[in-house]
Each structure stands twice: as C-alpha cells, then as structure tokens.
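What the coordinates show
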Amino acid sequence: MKWIHGFLFSLICASSFAETTSSIDEYFRELALINQFNGVLLVKDADGVILYKAYHGVDLPKWGQIEERSLFHIASVRKLFTQYLVYQGSNNSQLATRPIVQWVKMHGLNPKWTLEMLLQHQSGLPRGEQFDFDQIRYDEAQLKQLIVRQQLLHEPGAEYHYSNFGYLMADIALAELYKKPAIEVYRDKVYQPLGMSATLNAKEAKSHPLRAKGIYQKEEKWIEAEFSEFERFPSGDVFSTASDMMKFLEQIDPAAFSKDGVIEHAGAKRGYRSFVYRNQTGKSVVMLSNLASVPITQVIQDLKQMLAGNRVSIPRLVQRKSIAFQTDIAMQLIGEYRLKVNGQVFKLTCDKEGLILVDISKPGSPKSNSPKPERLFFESRDILYSDPTAMDYLKIKWEGNIAVSFSIFAMGGAEFATERLSIEEGVSCE
C-alpha cells in the first residue's frame with residue numbers, strides 16, 4: 001500500500017493487544033519478529049548505557065543486514081544540526097533574527113526571511129515533496145532558484161507551515177555566510193568539533209562499507225531504495241550512526257533548542273526511519289532503522305512511555321475484517337481530494353467491485369511509474385482500509401449525516417487530513 005509518498009510511506013503497523021511490556025528490549029525484539037524493525041537502538045541515562053543493540057527482521061534480505069556501527073540515513077533529524085549551528089554554535093547572538101538578504105544576494109529572495117523564520121517553519125514556503133521536483137540532483141545555485149520560484153502560502157512570520165524548503169534555504173544562507181559549500185560548513189562547524197567522525201554526507205556515505213541499505217516493500221517484495229533518492233540535495237541528506245547521534249545529543253544545550261528541556265526529532269525517507277530523544281533527566285534514545293515498515297509514530301509514543309516506567313502493548317500484526325459494502329457512503333465520497341500536508345492529490349472512484357483510491361499527483365507519469373490504485377474495503381461505516389494486515393486506514397469525516405472527506409492514518413498512527421476538491425459526476429457504486 002502506498003497512499004502517501006515523498007517522505008511518507010505506507011507501513012505495516014503494530015496493534016494493541018492484551019499482552020504488555022515495560023521492557024524496551026522485548027518490545028523491539030517483537031517488532032523485529034514481525035518485520036517492523038531492522039536497525040539499532042541506543043538508550044542511555046545519567047549513569048550510562050542502558051541498551052545498545054542491533055535488531056534484525058527475521059525475513060529480510062541479507063543485503064539489508066546491519067550492525068551497531070552501521071550508517072543510516074537520518075532524514076529530518078539532521079535539521080537539529082542546523083538548529084545547533086544557528087542557536088548554539090554561532091558566536092553571533094543576532095544571527096537568527098537578521099534578514100538573510102543582508103548577506104545572501106539573489107533576485108527574488110524574500111526580504112523578510114530570517115534564519116529563525118526558516119527554522120521555525122514560518123517562512124511561508126510550501127512543504128516541498130519529491131513529486132514537486134523535476135531533476136535528480138540540485139547544486140546550491142539550482143536549489144536557490146527552485147526555492148525562490150515557490151509560491152508562498154502566507155506572509156513570512158504570519159503562521160506555521162512545515163517546510164523542507166525552509167531548511168534547505170537556511171543551508172544556503174549558512175553556506176554563503178561562511179563562504180563555503182553547506183556540506184563543508186556542517187563538517188567544519190558541527191561534526192568535527194563534536195567528534196562525530198562517522199557522520200557523512202551522501203556522497204561520502206555512498207561507498208562506505210557499513211552503510212545500511214534502505215528497505216521498503218512493493219507488491220510483497222523487499223526492494224532496495226535507489227541511492228539517487230539521497231543525492232538530490234547535497235546538504236539535506238546525511239548518514240550517521242547511533243553512537244555519533246548520541247554524542248550530538250549529549251552536547252546539546254537544551255535551552256537553545258527547547259523551552260521545556262526536551263529534545264526530540266523524528267525522520268522518515270524512503271527505506272529509513274529515525275528518532276532521537278533526550279529529556280530533562282538525561283534519559284536519551286537514538287533509534288535508527290533501514291526499514292520503511294517501522295510504525296514510527298506508535299513506536300515513539302511507546303518508547304517514551306517505557307522510559308517513564310510504564311507498560312505498553314506488545315507489537316502484533318493486525319487482521320482486519322470487512323463488513324458489507326456501504327453503497328450510500330461510497331456514493332457520497334467519490335471525487336478528488338488534496339492531502340493538506342504536501343498537496344498530493346487523490347481520486348476516489350467506484351467500479352462494479354467497489355471503491356478505488358488513485359493517486360493522480362503525477363498525471364503525466366509513465367504507467368510503470370504511476371502509483372498503483374488501491375481497492376478499499378469498509379471495516380465499519382467510519383473506516384476504510386486496503387490491506388487487512390496493515391494499520392493504515394482512511395477515516396471518514398462527517399458533517400451531520402453527510403460524508404464530506406477523510407483523513408489518512410499512517411506512520412503508525414499519524415493523521416493526515418484531506419480537503420475535498422471536487423465531486424465526481426456520473427459514477428455509480430451500485
């Protein structure tokens with residue numbers, strides 16, 4: 001199943017059962033047994049290491065095997081490095097609030113943008129997803145042009161909207177400030193000073209013998225993520241190890257990152273999942289995986305509960321069962337929808353066998369590259385699903401007795417809302 005693309009991918013997720021545990025090791029062993037984790041977990045408290053272990057999915061290909069020292073793509077977790085550089089590593093206390101036009105010279109640059117706006121997702125830039133891009137690799141000059149031609153969603157500073165473009169623009173600004181490529185800025189100002197010798201950009205990691213290869217599933221086959229996925233933006237794709245990421249966490253000044261003293265960030269990119277966390281008591285977690293089927297949202301919630309000494313449900317595969325086809329609801333739902341988080345467009349339609357969900361974000365794509373339509377089934381009058389062994393599902397949004405739209409639940413429980421674009425005319429579900 002592939003409902004959400006770009007940095008979000010469909011997952012086989014854990015389900016709540018009566019069996020519970022407070023053991024982080026047991027929890028991840030069970031995840032690996034059902035092929036929902038393949039990776040490294042490092043847990044520490046103020047007294048030292050609690051757990052440092054590599055877990056292996058039981059039915060995964062040999063080329064996907066890893067060890068404690070393996071390098072994983074850390075996806076959006078690398079944004080913490082940018083925050084460190086701006087808020088903790090800079091000698092200029094006013095750097096974050098200075099308009100970047102003071103040192104970045106180019107036509108079309110918004111004069112209101114500051115590093116703080118870019119890092120706090122208040123730039124007005126759209127999110128920026130894979131299907132928006134038209135080439136495999138962008139150098140910094142090309143990336144600047146790509147960013148400035150994006151239509152702003154709101155005035156800079158007016159409101160919050162998560163944007164990967166914003167962080168990439170911050171990379172460019174830092175590169176021009178220090179007069180060197182962004183990947184060199186991070187190496188010289190973050191990795192080397194903090195002793196993170198195993199943290200590498202994509203070009204350096206490509207041929208590294210300990211690089212973990214990203215794994216995802218397509219039509220019941222395990223597929224290796226193409227490395228070109230991680231070479232698009234030089235500064236945006238970083239590989240690291242659990243040990244290096246823990247070094248970073250232990251040298252962060254919480255006051256520079258968080259009002260409540262808690263540091264956490266998760267990341268997901270094709271075939272990889274990552275999470276780092278450090279709380280006020282010094283309990284710290286680094287979780288790195290090269291498997292797309294990690295139910296990361298649920299895992300994060302459970303990890304924090306177990307760190308607090310609480311019990312959580314042991315992961316088990318789900319088995320959904322369908323009810324009779326609800327013709328009246330289906331007829332209300334057919335039409336086109338936009339996913340609010342990234343602009344992806346879906347068409348929900350009917351044929352003689354029932355409802356079908358089609359991704360139409362790339363109408364001109366070759367058939368071989370087009371997302372496969374998903375047959376949907378009713379689990380209840382509120383819930384639609386595609387794969388009976390997956391927790392991913394569509395939840396119908398009602399206004400009175402009218403089904404008006406739906407949300408997609410994926411990533412182990414995260415909700416992604418849609419907005420309705422049109423009603424499809426002349427289609428029957430009977």
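Residues numbered from 1 in each chain as written. Predicted model: local features only at pLDDT ≥ 70, side-chain atom pairs only at ≥ 80, totals over all residues. Heavy atoms only, no water.

In this structure, Ala75 takes a positive phi of about 50° despite not being glycine. Mapped onto the elements, Ala75 comes out in the loop between β4 (72–73) and α2 (79–88). According to the relative accessible area criterion, Ala75 is buried, its value standing at 9%. You will see that Lys179, though not glycine, has its phi angle at about 60°, which is positive. Summarising the element assignment, Lys179 is placed in the loop between α5 (164–178) and α6 (182–191). (Helix = DSSP H or I, 4+ residues; strand = E, 2+ residues; numbered from the N terminus. Buried < 20%, exposed > 50% of the residue type's maximum accessible area, 1.4 Å probe, protein only.)

Once that is clear, we can look at the state of the cysteines. Under the counting rule described, the total for this entry stands at one disulfide. Between the sulfur atoms of Cys350 and its disulfide partner Cys429 the distance amounts to 1.9 Å. Residues Cys350 and Cys429 are joined by a disulfide whose S-S torsion is about 95°; by sign, that bridge is right-handed. Of the two residues, Cys350 is situated in strand β14 (residues 345–351) and Cys429 in the segment after β21 (414–423); the sequence distance between them amounts to 79 residues. In terms of burial, Cys350 and Cys429 fall into one category: buried. (Disulfide = S-S within 2.5 Å.)

Sheet architecture is open: three strands sit in the order β4-β8-β5, paired in antiparallel fashion. Single-partner strands in this sheet number two, and they are β4 and β5 (200–201). Sheet analysis places β4 next to strand β8 (residues 238–240), joined by two bridges and oriented antiparallel. Considered in β8, the bridge of His73 is made with Phe239. (Pairing = 2+ DSSP bridges.)

With that settled, the discussion passes to the pattern of salt bridges. Summed over all chains, the structure comprises 23 salt bridges. Between Lys247 and Asp244 there is a salt bridge; the shortest N-O distance is 3.9 Å. Here Lys247 pairs with Asp244, and both are found in helix α8 (residues 242–250), just three residues apart, close to one helical turn. Of the residues examined, Lys247 reaches a relative accessible area of 31% and is grouped as partly exposed. Residue classification places Asp244 among the buried positions, given a relative accessible area of 2%. (Salt bridge = Lys/Arg side-chain N within 4 Å of Asp/Glu carboxyl O.)

Right, let's talk about the environment of Ala54 for a bit. The topology assignment puts Ala54 in strand β3 (residues 48–55). Ala54 gets classed as buried once you look at its relative accessible area, which sits at 13%. Put simply, Ala54 and Asn38 are 16 residues apart on the chain and 7.6 Å apart in space, counted from C-alpha to C-alpha. What Ala54 contacts, discounting residues up to four positions off in sequence, is Gly39, Val40, Ile66, Glu67 and Glu68. (Contact = heavy atoms within 4.5 Å.)

Here we come to the sheet that holds strand β18 (residues 383–385). With antiparallel pairing, nine strands are arranged side by side in an open sheet as β16-β15-β14-β13-β21-β20-β19-β18-β17. What marks the edges here is a single partner per strand, and that holds for β16 (374–375) and β17 (377–378). Here six bridges tie β14 to strand β15 (residues 354–359), and the two strands are oriented antiparallel to one another. Looking at the pairing, Lys347 lines up with Val358 of β15.

To continue, consider the pairing of strand β13 (residues 335–339). The pairing of β13 with β14 spans four bridges and is antiparallel. Residue pairing in the sheet places Tyr337 in a bridge with Phe346 of β14. In this antiparallel pair of consecutive strands, β13 and β14, the connection spans five residues, and Gly343 shows a positive phi of 80°. Strand direction decides the pairing type here: β13 and β21, joined by five bridges, are antiparallel. Bridged to Leu339 within β21 is Thr418.

Attention shifts here to the nonpolar core. With 72 residues, the main nonpolar core has Phe81, Ile100, Leu115 and Phe248 as its most contacted residues. Considering every element that reaches this core, the biggest residue donor is α5, with nine residues. Ignoring any residue separated from it by four or fewer positions in sequence, one finds Phe81 in contact with Ile74, Tyr186, Val190, Tyr191, Met196, Thr199, Val238, Met245 and Phe248. Formed by 26 residues, the second largest nonpolar core is a distinct cluster that contains Leu41, Tyr55, Met287 and Ile296. (Core = buried A, V, L, I, M, F, W, Y, C linked by side-chain atoms within 4.5 Å.)

Turning our attention to α6. If you check which residues of α6 are buried, you get Ala182, Val185, Tyr186, Val190 and Tyr191. Buried residues of α6, viewed axially, fall in a sector of 150°; they line one side. (Arc of directions from axis to C-beta.)

Moving on: the pairing of strand β9 (residues 263–269). Buried residues dominate β9, accounting for five of its seven residues. As defined by bridge partners, β9 adjoins strand β10 (residues 272–278) across seven bridges and the pair is classed as antiparallel. By the bridge assignment for β10, Glu264 is matched with Tyr277. Hairpin connection from β9 to β10: two residues lie between these consecutive antiparallel strands, with Gly271 at a positive phi of about 85°.

Taken N-terminus to C-terminus, the directions of helix α4 (residues 140–148) and α5 make an angle of 135°; their axes are 10 Å apart at the nearest point. The pairing of α4 with α5 is recorded here as oblique in orientation. In the packing of α4 onto α5, the handedness of the crossing is left-handed. In this structure, α4 uses Glu140, Leu143, Lys144, Leu146 and Ile147 to contact α5, whose residues at the interface are Phe165, Leu168, Met169, Ile172, Ala175 and Glu176. Of the residues assigned to the contact of α4 with α5, the class counts are eight nonpolar, no polar and three charged. (Axes fitted to C-alpha atoms, helices over the stretch in contact; angles between N-to-C directions. Parallel < 35°, antiparallel > 145°, perpendicular 65-115°, else oblique. Left-handed = near helix turned anticlockwise from the far one by under 90°. Nonpolar A, V, L, I, M, F, W, Y, C, P; charged D, E, K, R; others polar.)

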